[in-house]
Amino acid sequence: MADYQKETQTEVAEAPRRERRRRRASSESFDAHPPRIDEASSAEPAEPEPTRGERLKNYALKKTPDKFKNPSELQIRLRTGAIYVTITVLCLILGNIPTVIMLSATAGIAAGEFFYMLRKDAKLPNEFMGIVGAILYPPCMYLWGLAGVMVLSFALLVALIIWYVFFLRARIADVCVSFFGATYTGLLLSSLVLVRASLEFPWGGVLALVVFASVWINDGFAYLVGSKFGKHKMAPRVSPKKSWEGLIGGLFGSCLTWCVCVFIPGVEITLLQAILFGLVCGIMSVFGDLAESRIKRNAGFKDSGTIMPGHGGLLDRTDSMFLAAVTAAFLLLVFKCIPYTFYFM
């Protein structure tokens, strides 16, 4: 028994020395024969092969001049505006069908942006019915005139009432917002179809282009004059940058643009009427702009969307056109400056 205890004590005392010898031997063996490391396994993982779209993008970026690679805000606005103006001019000049397609697309996108903002304002519009209604207004105006627009408005209202009855979460305010969004964007823009289809090719497109140009020049003159001489704010709580001086400059540009109508074949208009129409349409375009600014301010938005870099949403670019378009069509038809053949067919 004593011998067993002595052997156990000896083994316990030798254990640390054996562990140190084992570690020393392992270290010497590692230094003498280091493990082989596969060069392929030690290399960094290869980058994935770029896709065809990325290759085209990189190629275009290499070919782009340095001054265009990092554009300023003004350059972005000018490029986006040039694309928008080019598409609009081409559709107006090419014929009635391209014009209707362009107006329907504009109305649908603008209605979508409108409903998106109102959803953030605690509203629950029926976006599907509203957007579809906005898209259908221009073709209905082109095919059946005012009768088609009236039928579409009635059908849209009935559909929204049925939706309100069976969808218990909907409120009457949601029905109103849905109907207003469709008519605000689609119905008002569809009035340009009357202007475009009133004259033979290409003069109908030229007349519609004058209406567009009057709004664009109105906005441009108002910005230039307001930024240079603007001191008296027109609506500081709704649109702080607008001034009375800018309004006067914009109206001058609108009247000047409308004077072109005197030289368009088929348009029976005097110079005094052209100036008067330009004045009224210029005022209505400003009201359209202020109305959309009020909608954005109530909903807490700076821009209605991001589809037009440097400008915001498409609704931001067409808000002035809504009231100006329907006003122009009304004045031209009531004063019999252009023919109209769609009477309640």
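Residues numbered from 1 in each chain as written. Predicted model: local features only at pLDDT ≥ 70, side-chain atom pairs only at ≥ 80, totals over all residues. Heavy atoms only, no water.

### Focus on the nonpolar core
By size, the foremost hydrophobic cluster in this structure holds 64 residues, and its most contacted members are Phe114, Leu192, Leu207, Phe212, Trp258, Val267 and Leu332. Among the secondary structure elements, those contributing two or more residues to this core are helix H5 (73-94), helix H6 (96-120), helix H7 (127-166), helix H8 (172-197), helix H9 (203-229), helix H11 (271-299) and helix H12 (314-334). Filtering out sequence-adjacent residues up to four positions away, valine 267 remains in contact with Leu199, Leu207, Cys261, Cys337 and Ile338. Core analysis: the next-biggest nonpolar cluster, separate from the first, contains 6 residues, Met234, Leu247, Leu251 and Val286 among them. (Core = buried A, V, L, I, M, F, W, Y, C linked by side-chain atoms within 4.5 Å. Buried < 20%, exposed > 50% of the residue type's maximum accessible area, 1.4 Å probe, protein only. Helix = DSSP H or I, 4+ residues; strand = E, 2+ residues; numbered from the N terminus. Contact = heavy atoms within 4.5 Å.)

### As for a nonpolar patch on the surface
A surface patch of nonpolar side chains, amounting to about 890 Å² of accessible area, comprises Phe154, Leu157, Val158, Ile161, Ile162, Tyr164, Val165, Phe166 and Ile172. In terms of residues, the nonpolar patch owes the most to one element, H7, which gives 8 residues. Tracing the sequence through the fold places valine 165 in helix H7. (Patch = residues over 30% accessible without salt bridge, like charges linked within 9 Å, V, L, I, M, F, W, Y side chains within 5 Å. Areas by Shrake-Rupley, 256 points an atom, 1.4 Å probe, with all protein chains shown as cover. Salt bridge = Lys/Arg side-chain N within 4 Å of Asp/Glu carboxyl O.)

### Quick word on the layout of surface pockets
As a volume, the largest pocket reaches approximately 1800 Å³. Lining the largest pocket we find 44 residues, and of these Arg77, Tyr223, Lys242, Asp289 and Arg317 sit closest to its centre. Of all the secondary-structure elements, those providing two or more residues to the lining of the largest pocket are H5, H9, strand E1 (233-235), strand E2 (239-243), helix H10 (244-258), H11 and H12. Of the residues assigned to the lining of the largest pocket, the class counts are 14 nonpolar, 15 polar and 15 charged. When its volume is computed, the second largest pocket comes out at roughly 300 Å³. Every element with two or more residues in the lining of the second largest pocket is listed here: H5, H6 and H12. Looking at the lining of the second largest pocket residue by residue, the classes come out as 12 nonpolar, 4 polar and no charged. (1 Å grid on protein atoms, 1.4 Å probe; cavity = no way out; pocket = protein on both sides within 12 Å on 5 of 7 lines; lining within 4 Å. Points joined across faces, edges and corners; volume = space filled by probe spheres on them. Nonpolar A, V, L, I, M, F, W, Y, C, P; charged D, E, K, R; others polar.)

### Section: the pairing of E2
As paired elements, E1 and E2 share 2 bridges and run antiparallel to each other. Paired with alanine 235 across the bridge in E2 is serine 239. Here E1 hands over to E2 after 3 residues, the two strands then running antiparallel side by side. (Pairing = 2+ DSSP bridges.)

### Re the pattern of salt bridges
Scanning the entire structure with this criterion turns up 6 salt bridges. Residue glutamate 127 pairs with arginine 119 through a salt bridge whose shortest N-O separation is 2.1 Å. Using a relative accessible area of 26% as the deciding quantity, one classes glutamate 127 as partly exposed. A salt bridge links lysine 242 to aspartate 289, with the shortest nitrogen-to-oxygen separation between them at 2.8 Å. Of this pair, lysine 242 sits in strand E2 while aspartate 289 sits in helix H11; the two residues are 47 residues apart in sequence, bridging distant segments of the chain. Judged by its relative accessible area of 22%, lysine 242 falls in the partly exposed class. With relative accessibility at 14%, the residue aspartate 289 sits in the buried group. Here the residues in one salt-bridge network are Glu292, Lys296 and Asp316, joined through shared partners.

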